[in-house]
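Descriptive analysis of the structure
Residue-level listing of the chains:
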Amino acid sequence: MSLTLAVDGARWRAHLRAVARANPGLVPVAKGNGYGFTLGRLARRAQWLQDQGLGIDTLAVGTYDELPHVARRFDGDLLVLTPWRPFGPALEVDPAIADRVIHTVGRASDLEGLLGRRPDSRFVLERVTSMLRHGLSARELWSTAPIVAEHRSARLEGIAMHLPLAQGSHLSEVTRLVNDVVAAGLATTTIWVSHLTHTELTELRAAYPDFTIRPRIGTDLWLGDRAALRVTSTVLDVHAVERGDVFGYRGRTAPKSGHILVVSGGTAHGIGLEAPTGDTTIRARAATLARGGLDAVGFVRSPFSIDGKQRLFAEPPHMQASMLFLPHGPRVPEVGDEIDVRVRFTATAFDRVRTD
Ligand SMILES: *Cc1c(COP(=O)(O)O)cnc(C)c1O
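Model, not experiment: these values are computed from the prediction.

Let us now look at the overall build of the protein chain. When helices and strands are tallied, the protein chain shows nine helices and 18 strands. Considered along the principal axes of its C-alpha atoms, the protein chain spans approximately 80 × 40 × 40 Å. Across the 356 residues of the protein chain, 49% fall into the buried class. Sequence separation of 24 or more characterises 68% of the internal contacts of the protein chain that already satisfy a separation of 6 or more. In the protein chain, which carries 42 positive and 38 negative side-chain charges, the distance between the mean positions of the two groups comes to 2 Å.

Right, here's the structure in full:
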């Protein structure tokens, strides 16, 4: 009855261990929908990795609001990736966990704001990268050094950099940014980074042997071995139709004989009109938009597949179920059968996560 994420537990756990072993200083990232697994499950897994002596002493969450989901399941430090601001949930951290929280600071004024409120705060200073998302420029980074020095009890835990997804090598950018850190004269030798390849990490460590490089990894950790994961939907109903038969919210008619299948999984789960293709070119996106506009007259490819082939939506997905049109020919699944679904894990709310 459910949209289910089935995890091959032994295989998944072996992958998690392998990633942790291959990445000294690893900081697992658990944010959003927990990459499909939920935040609580990822926090327990991070604790499990730590318990095995794999050195997982810190878990990263995306937002302050996510802290309560992980704080009781993982007992190490908690890095918040969204920069601290002098308002909102950043000021509402549960005092019971405040000493485990490492804030991300991306503006010099916020550093004063944070330390003014709690002089012994733990924080990383974020250096802005070519992503231009958050963080300090080189000049602003320099301006933080006296502020840090003034606050004797302040705990600077390192410098953070959020790099774009790889398009060529990051090394020249990272080298330039690390040189800024050296020039700023800040009392830290820890760099927290994202999206560096194994080779890039190795080269960076070789170039800066005095620095500790801590990779923050989400996708490649939790979702890195796709063969350990299977997403299924349940066939809830099957109706034979003849050409011209009416079906659906919009009273459409079947273009030929076949079957209407009602399967679990709809908009509430994040099932979209178009199967993700991974193709992000402007032309592909334009084509997707154009096809979306055709949903009143044509059938759109769905992310549900039967016998290895992606099938057509009979109409746009409903809230918790979808209607598929299966023309006469292929095997017709039965009520209760499970069919495969292709999803974006970071945008899908599964009814169940089942680990075997
Ligand atoms: C999400 C995030 C990561 C992890 O990204 P993945 O691509 O899932 O590995 C690392 N750093 C920051 C700042 C992030 O927001």
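Next comes the rest of the write-up.
This part covers unusual backbone geometry. Here the phi dihedral of tyrosine 35 falls at roughly 55°; this positive angle occurs in a residue that is not glycine. When you line up the elements, tyrosine 35 lands in the loop between strand E2 (27–30) and helix H2 (39–51). Owing to a relative accessible area of 6%, tyrosine 35 belongs among the buried residues under this scheme. Phi at aspartate 307 takes a positive value of approximately 50°, unusual for a residue other than glycine. Relative to the helices and strands, aspartate 307 is located in the loop between strand E14 (300–306) and strand E15 (309–313). What makes aspartate 307 exposed here is its relative accessible area of 51%.

If you check the domain split of the protein chain, you get domain 1 (8–224) and domain 2 (228–355). A straight line from the C-alpha centre of domain 1 to that of domain 2 covers 39 Å. In this assembly, 12 residues from domain 1 lie in contact with nine residues from domain 2. Taking both sides of the interface into account, the surface hidden between domain 1 and domain 2 amounts to around 860 Å²; carbon and sulfur atoms contribute 65%. By the criterion of area lost to domain 2, the three top residues of domain 1 are Asn33, Gly36 and Leu223, representing 40% of everything that side buries. Connecting domain 1 to domain 2 are five residue pairs in polar contact (both at pLDDT 80 or more). Looking at the side of domain 1 that touches domain 2 element by element, the count peaks at four residues for helix H1 (residues 9–22). The residue makeup of the side of domain 1 that touches domain 2, split by class, is five nonpolar, three polar and four charged.

Another point: the packing of helix H6 (residues 171–184) against helix H7 (residues 198–207). One way to put it is that H6 packs onto H7 with a least axis distance of 11 Å and a crossing angle of 35°. Crossing handedness for the pair H6 and H7: right-handed. Contacts from Leu171, Val174 and Val178 in H6 reach Glu200, Glu203 and Leu204 in H7. Of the residues belonging to the contact of H6 with H7, the class tally is four nonpolar, no polar and two charged.

The next subject is the site of the ligand. Taken together, Val29, Lys31, Tyr35, Leu81, Arg133, His162, Ser194, His195, Arg216, Ile217, Gly218 and Thr219 make up all the residues around the ligand. In this structure, arginine 133 approaches the ligand through a side-chain N or O atom, which is 3.1 Å from an oxygen atom. For the ligand, an oxygen atom lies 2.8 Å from a polar atom in the backbone of glycine 218. Here the ligand has 390 Å² of accessible area as a free molecule, and 89% of this is covered by the chains. Tallied by class, residues from the shell around the ligand come to four nonpolar, five polar and three charged.

Looking now at the pattern of salt bridges. All chains considered together, the criterion is met by 15 salt bridges. Arginine 122 is the salt-bridge partner of aspartate 77, the closest N and O atoms lying 2.7 Å from each other. With aspartate 77 in strand E4 (residues 77–83) and arginine 122 in strand E6 (residues 122–127), this pair connects stretches of sequence that are 45 residues apart. With relative accessibility at 10%, the residue arginine 122 sits in the buried group. The shortest N-O distance in the salt bridge between arginine 331 and aspartate 337 comes to 3.9 Å.

Conventions we followed
- In this numbering scheme, every chain counts its residues from 1 along its sequence in written order.
- Note on the predicted model: pLDDT of at least 70 is required for a residue's local features to be given, and 80 or more for side-chain atom pairs to be given and counted; whole-chain, interface and lining totals, by contrast, use all residues.
- Note that water and hydrogens are dropped before the side-chain values are worked out from all heavy atoms of the structure.
- Helix numbers and strand numbers start at the N terminus; a helix is a DSSP run of H or I with at least 4 residues, a strand a run of E with at least 2.
- We call a residue buried when its accessible area falls under 20% of the maximum for its residue type, exposed when it is over 50%, and partly exposed in between, using a 1.4 Å probe and counting protein chains only.
- Here, residues are in contact when the closest pair of their heavy atoms is within 4.5 Å.
- This count recognises Lys and Arg as positive and Asp and Glu as negative, with His and chain-terminal groups excluded.
- For the purpose of locating charges, the reference atoms are NZ of Lys, CZ of Arg, CG of Asp and CD of Glu.
- Domain boundaries shown here were taken from an automatic or database domain assignment.
- Accessible area, probed at 1.4 Å, shrinks when two parts are joined; the buried area is that loss added up over both.
- A 3.5 Å cut-off defines polar contacts: any pair of N or O atoms within that distance qualifies, except that in protein one atom must be a possible hydrogen donor and the other a possible acceptor, and neighbouring residues in sequence count only when both atoms are side-chain atoms.
- Here the nonpolar group is Ala, Val, Leu, Ile, Met, Phe, Trp, Tyr, Cys and Pro; Asp, Glu, Lys and Arg are the charged ones; every other residue, Gly included, is treated as polar.
- Axes, fitted as lines to C-alpha atoms, cover a helix only where it is in contact. Angles between the N-to-C directions of the axes lie from 0 to 180 degrees.
- We call a crossing left-handed when the near helix sits turned anticlockwise from the far one by less than a right angle, and right-handed when that turn is clockwise.
- One heavy atom suffices: a residue is near a molecule or strand as soon as one of its heavy atoms comes within 4 Å of it.
- Note on areas: these come from Shrake-Rupley sampling with a 1.4 Å probe, and a residue is covered only by the protein chains present in the view.
- Every case where a carboxyl oxygen of Asp or Glu lies within 4 Å of a side-chain nitrogen of Lys or Arg is listed as a salt bridge.

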